[in-house]
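An overview of the molecular structure
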Amino acid sequence: MTWMVWTLPTAIFFSSIAAMLAGMTIWELRSPTVERKGFLPISTTRGDRLFVSLLSAAFIHLGIIGFTTFPLLVASALSVLWLLILMRWG
């Protein structure tokens, strides 16, 4: 059986997502979320906005990789910026 090779960037990626989920869980336990309507066309909770931002980050990375010659760090920076905007005003 062949196992997946866990490189440092892969470990950092999955550790970051695990840390975000743990942080969101603690935040939810300390301050239960209330659905609200921001610039997204639906009412969302914090968890919904996190999920949308993670999906968006995947598309941002694919778009940068597929259509530009920018380094991947640009896609990551755009994804973090989008996460902050979406969590605050989404």
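Presented here is an overview of the structure given in this document. (Residues numbered from 1 in each chain as written. Predicted model: local features only at pLDDT ≥ 70, side-chain atom pairs only at ≥ 80, totals over all residues. Heavy atoms only, no water.)

**A short note on the pattern of salt bridges**
- All told, the structure shown has 1 salt bridge when counted by the stated rule.
- Its salt-bridge partner being Glu28, residue Arg46 comes within 3.4 Å of it at the nearest N-O pair. Linking Arg46 in helix α2 (residues 46–67) with Glu28 in helix α1 (residues 8–30), this pair joins segments that are 18 residues apart in sequence.
- Among the residues examined, Glu28 registers a relative accessible area of 32% and is labelled partly exposed. (Salt bridge = Lys/Arg side-chain N within 4 Å of Asp/Glu carboxyl O. Helix = DSSP H or I, 4+ residues; strand = E, 2+ residues; numbered from the N terminus. Buried < 20%, exposed > 50% of the residue type's maximum accessible area, 1.4 Å probe, protein only.)

**Structural notes on a nonpolar patch on the surface**
- Together, Phe51, Leu55, Phe59 and Leu62 give the surface a local cluster of nonpolar side chains, amounting to about 470 Å² of exposed area.
- Turning to its location among the elements, Leu62 is positioned in helix α2.
- Residue Leu62 is classed as exposed on the basis of its relative accessible area, which comes to 54%. (Patch = residues over 30% accessible without salt bridge, like charges linked within 9 Å, V, L, I, M, F, W, Y side chains within 5 Å. Areas by Shrake-Rupley, 256 points an atom, 1.4 Å probe, with all protein chains shown as cover.)

**Overview of the side chain of Arg49**
- Positionally, Arg49 belongs in helix α2.
- Despite its burial, Arg49 remains without a salt bridge, the nearest opposite charge being carried by Asp48 at 6.6 Å.
- Excluding its chain neighbours within four sequence positions, the residues that come into contact with Arg49 are Arg36, Leu40, Thr44, Leu86, Met87 and Gly90. (Lys, Arg positive; Asp, Glu negative; His and termini not counted. Contact = heavy atoms within 4.5 Å.)

**Observations concerning the packing of aromatic side chains**
- One pass over the structure, following the stated rule, counts 2 aromatic pairs.
- Between Phe13 and Phe14 the ring centres are 5.0 Å apart and the planes differ by 80°, which places this aromatic pair in the edge-to-face class.
- Its relative accessible area of 42% is what places Phe14 among the partly exposed residues.
- Above the face of the Trp27 ring, Arg46 is positioned so that its terminal group lies 4.1 Å from the ring centre. (Phe/Tyr/Trp six-rings, centres within 6.5 Å; stacked < 30°, edge-to-face > 60°. Lys NZ or Arg CZ within 6 Å of the ring centre and 35° of its normal.)

Keep in mind these numbers describe shape, not what the thing actually does.
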